[in-house]
Amino acid sequence: MRLSPSTRRTVRFVVDYGGLITFLIGFFLSGRDLVEATKWLVGGSAVAIIIGLIFERRIAPLPAISGGAALAFGGLTLFFNDPTFVKIKPTIMNLLFAAGLLGGLAFGKSPLRMLMGSSVQLPDVAWRKLTLSYGLFFAVLAGLNEVIWRTQSDEIWVLFRMPGILILTLIFSFTQVPLMMKYAKTDEPPPPPTPG
């Protein structure tokens, strides 16, 4: 099925954020009940995965991991009737991302480059710097999640979860643009030398 660029963006948004948006809506519609909202999260994540499969005939690695984790931690929350599981999901996932990026870097690999594929062309030094930056960023997000869910109300934590983490990630990503621009490779030939 061939999708228009706008439809592709919409599908990508639903796959990436559908579960979290339904979680946010479910939290406020259920009278701020995290266990009830988790039912929305599990349902929304399942629907988002199905939409990705129908329209894209595949699920990209990160949405698959995130959606699978939402189903797993959401399932534990519902099974034990304990919202702690859904609260620690961002901590565990961000620590896993941080460990994957920083661990790969320690072994001379660039997991970030593998995730991005050929969509961004950068030299090795830029990939190392970006991988380090994102690895540390995910570790900070994990710590921040721990502090917020342990010290703040459920309402504050839910708003931190969505849209807070998304906003922080967008802001952080924008701070990395100058680095990417500095090292960006282009396919254009260099300008000819100017005479004398």
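Structure: see above.
Here we summarise the structure given alongside this text. (Residues numbered from 1 in each chain as written. Predicted model: local features only at pLDDT ≥ 70, side-chain atom pairs only at ≥ 80, totals over all residues. Heavy atoms only, no water.)

## Regarding the overall build of the protein chain
- Within the protein chain one finds seven helices and zero strands.
- Counting helices and strands in the order they occur from the N terminus, the protein chain gives α-α-α-α-α-α-α.
- Considering only C-alpha atoms, the protein chain reaches an extent of 75 × 40 × 30 Å along its principal axes.
- Counting across all 196 residues of the protein chain, residues that qualify as buried make up 35%.
- If you take every contact in the protein chain between residues at least 6 apart in sequence, the share linking residues at least 24 apart comes to 66%.
- Element-wise, carbon and sulfur atoms account for 69% of the exposed surface of the protein chain, whose accessible area totals about 11500 Å². (Helix = DSSP H or I, 4+ residues; strand = E, 2+ residues; numbered from the N terminus. Buried < 20%, exposed > 50% of the residue type's maximum accessible area, 1.4 Å probe, protein only. Contact = heavy atoms within 4.5 Å. Areas by Shrake-Rupley, 256 points an atom, 1.4 Å probe, with all protein chains shown as cover.)

## A word on the packing of aromatic side chains
- Taken as a whole and assessed by the stated rule, the structure comprises ten aromatic pairs.
- Three or more aromatic residues joined by ring pairs make a cluster, and in this case those are Phe 97, Tyr 134, Phe 137, Phe 138 and Phe 172. (Phe/Tyr/Trp six-rings, centres within 6.5 Å; stacked < 30°, edge-to-face > 60°.)

## Points about the environment of Ala 60
- You can see Ala 60 is positioned in the loop between α2 (34–56) and α3 (61–80).
- Overall, Ala 60 belongs to the buried group, its relative accessible area being 13%.
- Measuring from C-alpha to C-alpha, the distance between Ala 60 and Asp 16 comes to 9.7 Å, with 44 residues separating the pair along the chain.

## Some details on helix α4 (residues 84–106)
- Counted at 1.5 Å a residue, the expected span for α4 with its 23 residues is 33 Å, and the 32 Å between its end C-alpha atoms agrees.
- Of the residues making up α4, those classed as buried are Val 86, Lys 87, Lys 89, Pro 90, Thr 91, Met 93, Asn 94, Ala 98, Leu 101 and Gly 104.
- Along its buried surface, α4 packs onto α1 (5–29), α2, α3, α5 (111–116), α6 (124–151) and α7 (154–183).
- Once α4 ends, the next one or two residues include Gly 108, with phi positive near 75°. (Expected span 1.5 Å × (residues − 1).)

## Some details on unusual backbone geometry
- The omega torsion across Met 162 and Pro 163 is 20°, close enough to zero to call that bond cis.
- One can find Pro 163 in helix α7.
- Notably, Arg 32 is not glycine yet its phi reads approximately 65°, a positive angle.
- Inspection of the secondary structure assignment puts Arg 32 in the loop between α1 and α2.
- With relative accessibility at 44%, the residue Arg 32 sits in the partly exposed group.

## Some words on α2
- Given a rise of 1.5 Å per residue, 23 residues ought to cover 33 Å, and the 31 Å separating the end C-alpha atoms of α2 matches this to within 8%.
- For α2, the set of buried residues is Leu 34, Val 35, Ala 37, Thr 38, Leu 41, Gly 44, Ser 45, Ala 48, Ile 49, Gly 52 and Glu 56.
- Among the structural elements, α1, α3, α4 and α7 are those in contact with the buried residues of α2.
- Where α2 starts, the residue carrying a side-chain oxygen 2.9 Å from the main-chain nitrogen of Val 35 turns out to be Asp 33. (Polar contact = N/O pair within 3.5 Å; in protein donor to acceptor, adjacent residues only side chain to side chain.)

## So, the pattern of salt bridges
- Applying the stated criterion to the full structure yields seven salt bridges.
- One salt bridge connects Asp 16 with Arg 12, and the closest N-O pair in it is separated by 3.1 Å. Of this pair, Asp 16 and Arg 12 both sit in helix α1, four residues apart, which is roughly one turn of that helix.
- Residue Asp 124 pairs with Arg 113 through a salt bridge whose shortest N-O separation is 2.8 Å. Linking Asp 124 in helix α6 with Arg 113 in helix α5, this pair joins segments that are eleven residues apart in sequence.
- Note on Arg 113: relative accessible area 32%, which makes it partly exposed.
- One network of salt bridges, in which partners are shared, links Arg 12, Asp 16 and Glu 56. (Salt bridge = Lys/Arg side-chain N within 4 Å of Asp/Glu carboxyl O.)

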